[in-house]
Structure formats: structure tokens, C-alpha cells
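Take a look at the letters that make up each chain.
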Amino acid sequence: MITIIYKRDKCIGCNSCVLVCPLFFSMSKIDGKSVLLKSKLKKNNYILKNIDNVFTRYLSKATKICPVKIIKIIIH
Amino acid sequence: MKKIELLSPINNYESLYAAIESGANSIYFGVEQLNMRAVNSNLKIKDIRKISNICKKKKIKKYLTLNTIIYDHDILLVKRILKTCKKYDIDGIIAMDNFVINYSNKLNLPIHISTQLNITNIESLKFYSKYSDVIVLSRELNLNQIKNICSLIKKNNIKGFSKKKIKIEIFCHGSLCMAVSGKCYLSLHTYNSSANRGACKQNCRREYLVKDYKSNLSYKISNEYIMSSKDLCTINFLDKIIDTGINILKIEGRGKSPEYVSVITKCYKEAIESIVNKSYTQEKINDWIYKLSCVYNRGFWSGYYLGQRIGEWTQNSGSLSLKKKIYIGKVIKFYNKIKVMIMLIQSYNLEIFDNIYIIGNKIGVKETKVKKIINKKKKEVSEVKKGEICSIKVEFKVYTNNKIYKIINN
């Protein structure tokens, strides 16, 4: 299983994660930052748990492309 | 002689107070992610009101920079920022995107055309004058070209959006870009980190090798950081700059520290005043250059203003500043009547005759020399170490939790 940790306050709204991972990320039109879909806010981090391991490669594209390196994935 | 406006960069409240105390006539700042220092931007929309109120009290102008590339998903945020600026009387928006310019016009917010738009001739200036009140000229122009543009504005009586004569702003100090005023894609291509969205990774500031694949030999490029331009410094020919007819002198450095803002603003303010009252001497220039080189710099050159051949590259990575600051502790109490502050040393030590900076909210940056240290047992000592509490006398007001730094030679 995979957990995604996303430090949203540092997002610069470049849209890169949405381009490579549209299943998990989408741009907010309210504040121009990316949103980790269905995630929960915990101590300034947005967290999405229990993602199937088949998404490992798909999600690692987002962690690599993010210019400010605020998307982390943990594989359990 | 007409009044020259000195415009200082701020990125937090410390540098705001530093700019005000040092004599800036105006300040500029960015909020949220839509400015060219998005990565180290500390200010949010809610800070617009607070900054505006502080500036109003201190009677200085305040401008907001909103000069990144704007995408569709940014539109609502841009509108929200601009409406907030209108509500709290921000004096101008530094912009490059046509939507930002257009929407500010609708709200009747004055526009400064950002250097990102590279205005290099009178005809494009005329075009943008319909939408703006201040034009920041391209940093790549020389003084003759600037003078020519300024005299043509006068001759043709070119007016801005608010029907007042259009003003010219140029950079007088700070980092320069190896690309034409920020239009660079090195960072984007190598790290997907766009300089034009305020996330420049500064590839240009590094040292590179040239590799010959056939022989597998690498060559160091003449010991120079061939893409890293030295910093712009104009204090030694500021009279010529003012003589061109410009209205606003802008200091670069929203990514820099409060003491940088303080020192640079103070020196340029003094220089402008000396030029006005005709006491601009070589001796003063030498003194200012020494002071300027004590804070962050990559070595100085005159930029493109004197029409020199392109490129003066720095010889080092990072700063060449003569002095640096190290954190030693914080203020824990201040007795205003006797002007004595109690401080806690949290790292290194404090010695007698040390020069220190006290940096913080409300005071900006203050520099002082420690003449007497009293320790916890009320004895006069020559040194206090980490973990100890001591009291020293200062000439100005400080506040609890202001940070104390020791200034040492670099």
C-alpha cells in the first residue's frame, strides 16, 4: 500500500503534478494551488492513505516532477 | 532638482521595518505564489492590509509585484489579490501579464510595467503608457538610451493611464540575470522549476566543465562562473543615473536578508541626498562601496549602464561579502527607561566590543557595538557563553524575541 504526503502550503501552482497524475491531483481555481484529491489534512500536510501499489510508478512521476519537492510517497 | 524615489524590496516584516528605518520612499512585495520569489515568499493575502497600514503610518508608498506567468487556474487568485490591493490602497501593481494589467486598469489600480516586459524603446513605452503609470526599463539599456527615452517622454509629453506624466523606474543595485531580465528557461528545462513562476534554481550561479566526448577530457572554463553575472552597483556613478531623468530607483533583493535591505537602502539614500545637496564625493563613494560589500554580493559591476562589453562574471560561488552574521541569541526582556536589554545566548558567545545586529519585527535591523556586558550575577564580564543570560545597554528600543546576530569577518 502507498501513502501520499503533500505539503500544500509550499505549492507554487505550476500544474506539473496535474499533468502527470490527473487521477490524484487537480488544480484549485480558488487559490491556484494543486489539490490532492480525497485527502485529509493533518498537521499542515494533506495525506491520502491505502493506495494500491500498482500506482507506484505513476505517482513517482509526480514526486519527481514537482519543482518544490512537496509530494512524498511512502510504500508500506 | 526633482525628487528621486528610492524603492526597496521586502519579503517579511523585518525587512519592511529595515527599509522604513533606512529611509526608503517606497517598498515592493509579493504575496502567495504569484511573484518572482514564490519559493521563499512568506507573505500572504492577509498581509496586504497590515503592510499597507504600516506604510500609511510611516508615509511611504507600497507596491505589490504580481509579475509571474499567469495560467487559467490563477485567475480567481489574481482577482482576489488585486481586489484586496484596491481595498487597502496599494499604490501600484508591478505586472507583466496582460490580464493583470487589464484587471488593475478596471479597478483603477496604477500599473508599473515590470522589467520582465523588457521595454527598450520609446514606441513600446508609448504602447504600454495607455495602461500604466510607471515603466520599469529593461536592465540591458545603457545610460544614453535611458536619457534619450526620458527626454522623449518630456518632449512628447507622454502621459500614463491616470493622465499624469509617465514615470521611469530603473534598477540601481542587486543581482543581475544572465538572460534578458528573467526570461530564462535553464531552471525549467533542468529541474522543471520555472524561473517565470518564481522558482528559479539558479543554474547560472554554478561552475561548469566543458567535456570533449572524443578524448573524454574535461576543461574548466577559465576559472570563471561564466553564466553568473556580478551584481549591479551604481553608487559610484549615481549622479549620471539621476541625470538621465529617471524618477524611481529600485533595489533588487526580495530574496535577501533584512540587513541587506537596511544597508543598501541607507547607502543609496545617503547617495541621493548627497547628489541633491552637491556633496557627492569620491571619499563618500569609497565608504559606501565598503559598506555595500559587507553584505551579500557576488562582486560589483556597473551592469550595462556604462555600455561596457557584455559580461563580467563572478569568480566565486555564493557571496563575496566581507562580513557575515551568525545567530547568537534573542532578547528576553527590555527595560525601556534605562535602555537595557536582557538576552539569552543560544549559540556561540558574545564578547565585549563585538558588533551585533538586532533584527525583528517593529525595529527592522539595528546595528550596535557591545561596550559593557553584565552577567547574571550582576558582574561585569568580557564574555558570555552559550546558555548564559546577560544584559547590555543599547541606544534604541528593542522588543522581546528580537533576534541577535554577531557580525564577523567572512
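Residues numbered from 1 in each chain as written. Chains lettered and ligands numbered in written order. Predicted model: local features only at pLDDT ≥ 70, side-chain atom pairs only at ≥ 80, totals over all residues. Heavy atoms only, no water.

A look at the overall build of chain B
Moving on, step 1. Per the secondary structure count, chain B includes ten helices and 22 strands.
Moving on, step 2. Relative to the globule expectation of 22 Å for 410 residues, the C-alpha radius of gyration of chain B, 23 Å, shows essentially globular dimensions.
Moving on, step 3. Its C-alpha atoms put chain B at 70 × 65 × 50 Å along the principal axes.
Moving on, step 4. Burial statistics for chain B: of 410 residues in total, 53% are counted as buried.
Moving on, step 5. Each charge class in chain B was averaged separately, 72 positive and 34 negative side chains, and the resulting centres sit 6 Å apart. (Helix = DSSP H or I, 4+ residues; strand = E, 2+ residues; numbered from the N terminus. Rg over C-alpha atoms; globule rule 2.2 N^0.38 Å. Buried < 20%, exposed > 50% of the residue type's maximum accessible area, 1.4 Å probe, protein only. Lys, Arg positive; Asp, Glu negative; His and termini not counted. Charge placed at Lys NZ, Arg CZ, Asp CG, Glu CD.)

Considering the overall build of chain A
Moving on, step 1. The secondary structure content of chain A amounts to two helices and six strands.
Moving on, step 2. Mapped from its N terminus to its C terminus, chain A presents α and β elements in the order β-α-β-β-β-β-α-β.
Moving on, step 3. Relative to the globule expectation of 11 Å for 76 residues, the C-alpha radius of gyration of chain A, 11 Å, shows essentially globular dimensions.
Moving on, step 4. Each of the three principal axes of chain A carries a C-alpha extent, and together these read 30 × 25 × 20 Å.
Moving on, step 5. With 76 residues in all, chain A has 42% of them scored as buried.
Moving on, step 6. Sequence-distant contacts, at least 24 apart, represent 62% of the contacts inside chain A between residues at least 6 apart.
Moving on, step 7. Total accessible area on chain A stands at roughly 4500 Å², and carbon and sulfur atoms take up 59% of it. (Contact = heavy atoms within 4.5 Å. Areas by Shrake-Rupley, 256 points an atom, 1.4 Å probe, with all protein chains shown as cover.)

With respect to the pairing of strand 16 (residues 355-360) of chain B
Residue and element names in this part refer to chain B.
Moving on, step 1. The element strand 16 is extensively covered by neighbouring structure, given that five of its six residues are classed as buried.
Moving on, step 2. Looking at chain direction, strand 16 and strand 17 (residues 364-369) are connected through six bridges and run antiparallel. Across the sheet, Asn 355 pairs through a bridge with Lys 369, a residue of strand 17.
Moving on, step 3. Count of turn residues in the strand 16/strand 17 antiparallel hairpin: three residues, of which Lys 362 carries a positive phi of about 75°.
Moving on, step 4. Relative to strand 22 (residues 403-409), strand 16 runs antiparallel, the two sharing four bridges. (Pairing = 2+ DSSP bridges.)

What to know about the domain arrangement of chain B
Residues and elements named next belong to chain B.
Moving on, step 1. One can read the domain layout of chain B as domain 1 (5-176 + 228-301) and domain 2 (323-409).
Moving on, step 2. One C-alpha centre belongs to domain 1, the other to domain 2, and the line joining them spans 34 Å.
Moving on, step 3. Summed over both sides, the interface between domain 1 and domain 2 buries roughly 980 Å², with carbon and sulfur atoms accounting for 53% of that surface.
Moving on, step 4. Together, Glu 14, Tyr 17 and Glu 259 form the three largest contributors to the area buried by domain 1 at its contact with domain 2, with a combined 47%.
Moving on, step 5. One can count two salt bridges joining domain 1 with domain 2.
Moving on, step 6. For the interface between domain 1 and domain 2, the tally reads four residue pairs in polar contact (both at pLDDT 80 or more).
Moving on, step 7. Elements with a minimum of two residues in the side of domain 1 that touches domain 2: helix 1 (13-21) and helix 9 (258-276).
Moving on, step 8. At five residues, the largest contribution of residues to the side of domain 1 that touches domain 2 is made by helix 1.
Moving on, step 9. For the side of domain 1 that touches domain 2, the residue count by class is eight nonpolar, two polar and three charged. (Domains from an automatic or database assignment. Buried area = accessible area lost by both parts, 1.4 Å probe. Salt bridge = Lys/Arg side-chain N within 4 Å of Asp/Glu carboxyl O. Polar contact = N/O pair within 3.5 Å; in protein donor to acceptor, adjacent residues only side chain to side chain. Nonpolar A, V, L, I, M, F, W, Y, C, P; charged D, E, K, R; others polar.)

Digging into the sheet that holds strand 22 of chain B
Residue and element names in this part refer to chain B.
Moving on, step 1. The eight strands are arranged 17-16-22-13-14-21-18-19 in an open sheet whose pairing can be described as antiparallel. Strands with a single pairing partner mark the edges of an open sheet, and in this sheet they are strand 17 and strand 19 (380-381).
Moving on, step 2. Strands strand 13 (323-335), strand 16 and strand 17 of the sheet are contacted by helix 9, whose axis makes an angle of about 110° with strand 16. (Axes fitted to C-alpha atoms, helices over the stretch in contact; angles between N-to-C directions.)

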